[in-house]
Amino acid sequence: MNELPSRGLGRLRVPAIGYGAMVLSPGMYGEVDEDRALAALRHALDGGATFVDTSDGYGEDGHNERLVGKAIKGRRDEVVVATKFGFRVPDGAEPHRFPVGFEFGELAVNAEPRYVRGYAEASLRNLDVDVIDLYYPHFPDPKVPIEDTVGAVAELVDDGLVRYLGLSNVTAEQLRRAHAVHPVQAVQTEWSMWRPADPDLLAAARELGVGVVAWSPLGAGFLTGTVQRVGDGDFRRNNPRFGDANLAANNDAYVAVRGIAADLGITPGQLALAWLLHQGQDVVPIPGSRTPAHIEENLQAAHIDLHADTLAQLDAALARATPAGGTLLQNGGR
Ligand SMILES: NC(=O)c1ccc[n+]([C@@H]2O[C@H](COP(=O)([O-])OP(=O)(O)OC[C@H]3O[C@@H](n4cnc5c(N)ncnc54)[C@H](OP(=O)(O)O)[C@@H]3O)[C@@H](O)[C@H]2O)c1
């Protein structure tokens, strides 16, 4: 196994770059078969990306968690397993809908405390582990105060089913309220060179000693400079930034940023990850990929030092590169 530098997410120690497994479930970034998915996961673990992010909502019927379970079999102790709950609303429970700003309009969760233990037990079964290292409500529930949801996770911590509490897609205020109920170790938010993080959320996380997990750190692939068009069966069709006209305009807008990567002799994707790692020692990106060569390329970014002048040059280029296609996921929770 290769070594990556490590970072702290609160009290949890993880490699500086993790692995986002969502890409391995059909219906997300197009088709991917089980052999390819498992090979990718094992490649990521062998490369040192031993912080694996999944969710009970990725793929049908716990598909993504079951894949992760297979890949970590026999090497559980090497891996920090993070998963999320709330999207797999049980039969008979009410889906709590909220608008997200994506073209599919709404998402639905149920994070009522009475369901949380059942979610965790299903995830433990799918992952085939005794304990979840980091457990997040995937989105705040629009009908349930966040205090109530995290109170239920705190009981799982007391009972040894979960080690640490994380939060995903929350506001600064929700983070503060949750942290007052039970210490939060990590907050997961979309953050990349085409999606600035909420400054209030970052400030609250830093004040409270909560680590920041950056999701879609490659802009769902856009920032690698390799996406010219997304096809049917790819969930990015729902994202206005990937519509044919917007995508072409966005690729044009990022020419200068990509030029900086070329000058440094690195790929645009590596620059995107290295830039995130330079936003603070508490930031951990979790890029996803089905492709071993891409995984290696991404993990190399953990070793790239960016000079202060380069960072200033990048910030100036990013300030001029406003993406077409509006905002992305919004938080509809309480
Ligand atoms: N909390 C949330 O609500 C939330 C939401 C979204 C995502 N996430 C988490 O964040 C993780 C990462 O997000 P993501 O998968 O949406 O986006 P991402 O990591 O920004 O991008 C993934 C895309 O980039 C491509 N890619 C990766 N490395 C590449 C490289 N070196 N060169 C060219 N293309 C490359 C992948 O294609 P290939 O497979 O061909 O490499 C895939 O299409 C997810 O797996 C999930 O765990 C969380």
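Residues numbered from 1 in each chain as written. Predicted model: local features only at pLDDT ≥ 70, side-chain atom pairs only at ≥ 80, totals over all residues.

Named according to an unreviewed UniProt entry, the protein chain is Aldo/keto reductase originating from Actinomadura miaoliensis.

## A look at the site of the ligand
Around the ligand, a shell composed of 29 residues is seen, among which Gly20, Met22, Leu218, Gly221 and Gly288 lie nearest. Per-element tally for the shell around the ligand: the top contributor is helix 10 (residues 292–300), with three residues. Among the residues forming the shell around the ligand, the class breakdown is 10 nonpolar, 16 polar and three charged. (Near = placed C-beta within 6 Å. Helix = DSSP H or I, 4+ residues; strand = E, 2+ residues; numbered from the N terminus. Nonpolar A, V, L, I, M, F, W, Y, C, P; charged D, E, K, R; others polar.)

## Some details on the sheet that holds strand 5 (residues 80–85)
Here eight strands make up an open sheet; going across it, the order is 3-4-5-8-9-10-11-12 and the pairing parallel. The open sheet has two edge strands, strand 3 (19–20) and strand 12 (283–285), and neither has a second partner. Bridge analysis of strand 8 (residues 132–137) against strand 9 (residues 162–168) gives three bridges, and the strand direction is parallel. Residue pairing in the sheet places Tyr135 in a bridge with Leu165 of strand 9. Those strands touched by helix 5 (residues 172–181) are strand 9 and strand 10 (184–190), and its axis lies near 160° from that of strand 10. (Pairing = 2+ DSSP bridges. Contact = placed C-beta atoms within 7 Å. Axes fitted to C-alpha atoms, helices over the stretch in contact; angles between N-to-C directions.)

## Re unusual backbone geometry
Even without being a glycine, Asp128 presents a positive backbone phi close to 55°. By secondary structure assignment, the location of Asp128 is in the loop between helix 3 (113–127) and strand 8. Here Asp128 falls in the partly exposed class, since 14 other C-beta atoms lie within 10 Å of it. The phi dihedral of Ser216 is positive, around 45°, even though this residue is not glycine. (Buried ≥ 20, exposed ≤ 12 C-beta atoms within 10 Å, placed from the backbone.)

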